[in-house]
Every structure is written in C-alpha cells, then in structure tokens.
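# Secondary and tertiary structure notes
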Amino acid sequence: MFDRIAGVYDVMNSVMTVGMHHRWRSRAADLARVSPGDSALDVATGTGDLALELVRRVGPGGRVVGSDFSEGMLDLAREKSTAVRWEWGNAQDLKYDSDSFDAATVGFGARNFSDLDAGLREMVRVVRPGGRVVVLEITTPQKPPLSFFFRAWFDTIVPRLGRLAGDPDAYTYLPSSVRRFPGPRELAASLASAGLRDVGWILTAGGIIAIHHGTVA
Ligand SMILES: C[S@@+](CC[C@H](N)C(=O)[O-])C[C@H]1O[C@@H](n2cnc3c(N)ncnc32)[C@H](O)[C@@H]1O
C-alpha cells in the first residue's frame, strides 16, 4: 500500500493537514534533543521529512539513518537529500546494533506496525542509555468540538480526498488505523514497558496530534 501511495503522499499530507505537518515534525525532532555530531535513526521514515529535520540538528558531523520497508517511499526520500543514509528495514526487526544511536524517532509510522510493542522495543534497543525515543502520531481527540470535527474530517473528507488521489483504500485505512491506535496514556505505558523512563507527551493541533517522548533507561 505504501509503495502505491508514495507518489501522492507528500501532497496529501499538505492538503490533509493544511501544511501543519512540517511544524509537528519539527517539534518531534526538537524532543529528540540531538546536538551537532550526534547520531539518530528515523524508523518508518517514508519520504523522509522527519529524518531531514534531524539532519538540521545533528549537522554535517552527525549521522542520520532513515529506514523504511517501502522502496517506493525510500526512492522519493533519496531524491530529497543525500545527507541521510536511506536504508530498507523492518521497524520490528532492526538490523542495527544495540545502543548504536543517540536518538530514534518515528513519525506517523507506529500505528502501522503490526506488532506495536515489538517496534517500540526495537527503537529503545538501538538507542544508548540516556538517549531519546520520540513517537509522533495522530490521536483521537476525546472532547468536543474537536472530536466532532475530527470524525467528520477523517470519516468523510479524507476518504474523498483519497478517491481524488486515486487510492480510496489507503485513505479509508488511515482513519481506521488511527481509531485502533492506543490513546496517549496507554501509549505512554507501552513506551515505559519498552524500557523508557521519564515518559511524557504533548498534545497539539487541538488534541489531534500526540508527540510522546522518553529517555532510554
Ligand atoms: C504514514 S507513513 C509515515 C512516513 C513518515 N515517517 C512521515 O513522517 O511522513 C508510514 C510509513 O511507515 C512505513 N512502515 C509501516 N510499517 C513499517 C515497518 N514495520 N517497518 C518499516 N516501515 C514501516 C511505511 O512504509 C510508510 O512509509
């Protein structure tokens, strides 16, 4: 599915979020707290925009790897920059040594993992103790009026946009994947079980976007 939608993915993101997705990725990268010279891994990197935010923070002396299991997505990421090592990889079975990065991030990818706990454990494993793990994800707002707006947007408008983009299935999958993803408190508990301490999260965009973060114990 991700190979199929790769060509329209960036445009659809900008249309669906009215361009706000760049700001959310920037906040997620800030929470990774990487400095010049550090190393960072962005899993389920897709077309690479979060990895590129990390590159801006680690600078030319740092190292950023963007990993994904969709070659279609990776091909588009490769066209954007050569400053990131774009590598094929399954987030639930990463090929990197333990403790080999200062931070790991995932943006809008975790809800697609068939085994969320395995994906989170892998992110924690590859980050050194004291390093950071950040999960940027869409979440279901609980309080009106945003909850009404969210339902209308996701259940009606997004599938229609998907039809216009030529892939109705993918953009019907999107709202269903968000609905079954754990809420902020539950996700924080999963991150703690995966091996993070000081887990916290911020909600933004009226409670539609959650950015979880924690430090590897
Ligand atoms: C919605 S896109 C998000 C892309 C990007 N991180 C962003 O911020 O826009 C989800 C991405 O997760 C990838 N993905 C889903 N499950 C994965 C897995 N188990 N291993 C690696 N990549 C995965 C898909 O190929 C896709 O590129």
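Residues numbered from 1 in each chain as written. Predicted model: local features only at pLDDT ≥ 70, side-chain atom pairs only at ≥ 80, totals over all residues. Heavy atoms only, no water.

## Some thoughts on the packing of helix H1 (residues 2-16) against helix H4 (residues 71-80)
Running from N to C, H1 and H4 point in directions that differ by 35°, and their axes come no closer than 7 Å. Contacts between H1 and H4 involve Phe 2, Asp 3, Ile 5, Ala 6, Gly 7, Tyr 9 and Asp 10 from the first element and Glu 71, Gly 72, Met 73, Leu 76 and Lys 80 from the second. Here the residues of the contact of H1 with H4 sort into 6 nonpolar, 2 polar and 4 charged. (Axes fitted to C-alpha atoms, helices over the stretch in contact; angles between N-to-C directions. Helix = DSSP H or I, 4+ residues; strand = E, 2+ residues; numbered from the N terminus. Contact = heavy atoms within 4.5 Å. Nonpolar A, V, L, I, M, F, W, Y, C, P; charged D, E, K, R; others polar.)

## A look at the packing of aromatic side chains
This model, assessed by the stated rule, comprises 4 aromatic pairs. When the ring of Phe 149 is compared with that of Trp 153, the centres are 6.2 Å apart and the planes differ by 15°; the resulting orientation is stacked. Taken together, the positions of Phe 149 and Trp 153, both in helix H6 (residues 146-164) and 4 residues apart, correspond to about one turn of that helix. On the basis of relative accessible area, Trp 153 is assigned to the partly exposed category, the value being 24%. (Phe/Tyr/Trp six-rings, centres within 6.5 Å; stacked < 30°, edge-to-face > 60°. Buried < 20%, exposed > 50% of the residue type's maximum accessible area, 1.4 Å probe, protein only.)

## A word on the pattern of salt bridges
Throughout the structure, instances matching the rule amount to 16 salt bridges. Residue Arg 25 pairs with Asp 49 through a salt bridge whose shortest N-O separation is 4.0 Å. Separated by 24 residues along the polypeptide, Arg 25 in helix H2 (residues 21-31) and Asp 49 in helix H3 (residues 49-58) bring together distant segments of the chain. By relative accessible area, Arg 25 is classed as buried at 6%. (Salt bridge = Lys/Arg side-chain N within 4 Å of Asp/Glu carboxyl O.)

## Comments concerning the nonpolar core
Counting residues in each nonpolar core, the largest one holds 40 residues, and the members touching the most others are Ile 138, Tyr 171 and Ile 209. Among the elements of the structure, H1, H2, H3, H4, strand S5 (127-138), H6, helix H7 (170-180) and strand S7 (209-216) are those that each provide at least two residues to this core. Residue contributions to this core peak at 6 residues, all from H3. Residues Ala 104, Phe 113, Met 123 and Leu 196 belong to the second largest nonpolar core, which totals 25 residues. (Core = buried A, V, L, I, M, F, W, Y, C linked by side-chain atoms within 4.5 Å.)

## Looking at the packing of H1 against H6
Where H1 meets H6, the closest approach of the two axes is 11 Å, and the angle between their N-to-C directions is 145°. The hand of the H1/H6 crossing is right-handed. Each of Met 12, Val 15 and Met 16 in H1 lies in contact with H6, whose residues at this interface are Trp 153, Val 158, Leu 161 and Gly 162. Taken together, the residues of the contact of H1 with H6 sort by class into 6 nonpolar, 1 polar and no charged. (Left-handed = near helix turned anticlockwise from the far one by under 90°.)

## Some details on the sheet that holds strand S4 (residues 101-107)
In spatial order, the strands read S3-S2-S1-S4-S5-S7-S6; together these 7 strands make up an open sheet with mixed pairing. A single partner strand is all that each edge strand has here, and the edge strands are strand S3 (85-88) and strand S6 (196-204). With strand direction ignored, the average angle separating the axes of adjacent strands in the sheet is 15°. Sitting on the sheet, helix H5 (residues 116-126) touches strand S1 (39-43), S4, S5, S6 and S7, and the angle it makes with S5 is about 145°. (Pairing = 2+ DSSP bridges.)

## Some thoughts on the layout of surface pockets
Each pocket or cavity is described by its volume, and for the largest pocket that value is around 880 Å³. Lining the largest pocket are 50 residues, with Tyr 9, Asn 13, Phe 108, Arg 111 and Ile 138 positioned closest to its centre. Counting only elements with at least two residues in the lining of the largest pocket, the list comes to H1, H2, S1, H3, strand S2 (63-68), H6 and H7. At 6 residues, H1 tops the list of elements feeding residues into the lining of the largest pocket. Residue composition of the lining of the largest pocket, by class: 28 nonpolar, 16 polar and 6 charged. Of the volumes computed, that of the second largest pocket is approximately 190 Å³. (1 Å grid on protein atoms, 1.4 Å probe; cavity = no way out; pocket = protein on both sides within 12 Å on 5 of 7 lines; lining within 4 Å. Points joined across faces, edges and corners; volume = space filled by probe spheres on them.)

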